[in-house]
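# Observations on the three-dimensional arrangement
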Amino acid sequence: DAMVIQNPRYQVTQFGKPVTLSCSQTLNHNVMYWYQQKSSQAPKLLFHYYDKDFNNEADTPDNFQSRRPNTSFCFLDIRSPGLGDAAMYLCATSRDEGPTPTEAFFGQGTRLTVV
Amino acid sequence: LAKTTQPISMDSYEGQEVNITCSHNNIATNDYITWYQQFPSQGPRFIIQGYKTKVTNEVASLFIPADRKSSTLSLPRVSLSDTAVYYCLVGFHMDTGRRALTFGSGTRLQVQP
């Protein structure tokens, strides 16, 4: 059974038109991550939530925002998508409550195309 | 955050053992070493994690020398389905004291028949 679910799997948006990607989890994990992965590149961390605390990477563009209304859901908002924002967007979760890192679970990703 | 260095690509044949080494010279005392596997158009998948010496699970082994400045992922008897990109991650602890998963460049493994 899917534990980290991303919707939609494929999203086409127009240049400059706001778009929202969603992620839900059934694992009750306290940490949720959003990554951007362009072709033949490693996933790049955009931001993550540690419980309700939002942590933005220093080089994440202001164009990218995120919301986490509750433990299970997290959203990635791209306010004005540009052609350079076309990528696979990956959501991941982990339970971080002690000194030992735990396995992170990734969703299947949403492939965003900007036209 | 500790930086990792891996070979860009490796080739192997079915049935062979594959060893992928990751360098992480500035690993911190409390950092763990974790490996993920990623197939095209899929999210990364956890393979194995360790802190020191050797860790083994049903799919791989992880060898970590005493100085912890490198680690080696060992895949026994690879098959065509092991063709993927393998990422080594260290340095979970951010300035805030909390963790974040940061990926290095990864190693693209191609297994031939």
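Residues numbered from 1 in each chain as written. Chains lettered and ligands numbered in written order. Predicted model: local features only at pLDDT ≥ 70, side-chain atom pairs only at ≥ 80, totals over all residues. Heavy atoms only, no water.

Here we take up the state of the cysteines. Disulfide: a covalent bond connecting the sulfur atoms of a pair of cysteines. This structure, assessed with the given rule, holds 2 disulfides over all chains. There is a disulfide in this structure between Cys23 of chain A and Cys91 of chain A, and the S-S distance comes to 2.0 Å. Residues Cys23 of chain A and Cys91 of chain A are joined by a disulfide whose S-S torsion is about -75 degrees; by sign, that bridge is left-handed. Placement of the pair is Cys23 of chain A in strand β3 (residues 19–25) and Cys91 of chain A in strand β9 (residues 87–94), with a sequence separation of 68 residues. Linked covalently through their sulfurs, Cys22 of chain B and Cys88 of chain B form a disulfide whose S-S length is 2.2 Å. Judged by the torsion about the S-S bond (-80 degrees), the Cys22 of chain B/Cys88 of chain B disulfide is left-handed. (Disulfide = S-S within 2.5 Å. Helix = DSSP H or I, 4+ residues; strand = E, 2+ residues; numbered from the N terminus.)

Each pair of aromatic rings is reported with the distance of its centres and the angle of its planes. One pass over the structure, following the stated rule, counts 13 aromatic pairs over all chains. Ring geometry for Phe64 of chain A against Tyr89 of chain A: centres 6.1 Å apart, planes inclined by 35 degrees, an arrangement best described as tilted. Residue Phe64 of chain A is located in strand β7 (residues 64–67), and its partner Tyr89 of chain A is located in strand β9; the two are separated by 25 residues in the primary sequence. By the burial criterion, Phe64 of chain A is buried, and Tyr89 of chain A matches it. Ring plane angle 80 degrees and centroid distance 5.8 Å describe the contact between Tyr36 of chain B and Phe46 of chain B, whose orientation is recorded as edge-to-face. Of the two residues, Tyr36 of chain B is situated in strand β3 (residues 33–38) and Phe46 of chain B in strand β4 (residues 45–50); the sequence distance between them amounts to 10 residues. With respect to class, Tyr36 of chain B is no different from Phe46 of chain B; both count as buried. (Phe/Tyr/Trp six-rings, centres within 6.5 Å; stacked < 30°, edge-to-face > 60°. Buried < 20%, exposed > 50% of the residue type's maximum accessible area, 1.4 Å probe, protein only.)

It is worth spelling out the environment of Ser61 of chain B at this point. Residue and element names in this part refer to chain B. Within the fold, Ser61 resides in strand β6 (residues 61–64). Residue class for Ser61 comes out buried when judged on its relative accessible area of 14%. Ignoring sequence-local partners within four residues, the contact set of Ser61 consists of Ile48, Lys54, Val55, Thr56, Thr72, Leu73 and Ser74. Only 3.1 Å separates the side chain of Ser61 from the side chain of Thr56, close enough to count as a polar contact. (Contact = heavy atoms within 4.5 Å. Polar contact = N/O pair within 3.5 Å; in protein donor to acceptor, adjacent residues only side chain to side chain.)

Counting 20 residues, the largest nonpolar core has Ile33, Trp35, Ile47, Leu73, Leu75 and Tyr86 of chain B as its most contacted members. In this structure Ile47 of chain B touches Trp35, Tyr36, Gln37, Asn57, Val59, Ala60, Leu73 and Tyr86 of chain B, once residues within four positions along its chain are discounted. (Core = buried A, V, L, I, M, F, W, Y, C linked by side-chain atoms within 4.5 Å.)

All names here are of chain A. With antiparallel pairing, the 4 strands of this open sheet are ordered in space as β1-β3-β8-β7. If you trace the sheet from one side to the other, it starts and ends with β1 (4–7) and β7, each paired once. The sheet shows a mean angle of 20 degrees between the axes of neighbouring strands, direction not considered. In this structure, β1 lies alongside β3, joined through 4 bridges in antiparallel fashion. Among the inter-strand pairings, Val4 is bridged to a residue of β3, identified as Gln25. (Pairing = 2+ DSSP bridges. Axes fitted to C-alpha atoms, helices over the stretch in contact; angles between N-to-C directions.)

Attention now moves to unusual backbone geometry. Note on backbone geometry: most residues besides glycine have negative phi, and most peptide bonds are trans. In this model, Asn7 of chain A is joined to Pro8 of chain A through a cis peptide bond whose omega is -10 degrees. Secondary-structure assignment places Pro8 of chain A in the loop between β1 and β2 (10–13).

As a further point, take the side chain of Gln36 of chain A. All names here are of chain A. Its place among the elements puts Gln36 in strand β4 (residues 31–37). Of note is the side chain of Gln36, whose polar atom sits 3.0 Å from the side chain of Tyr89. Setting aside anything within four residues of it in sequence, one finds Gln36 in contact with Ala42, Pro43, Lys44, Leu46, Phe64, Asp85, Ala87, Met88 and Tyr89.

Geometry only, nothing functional implied.
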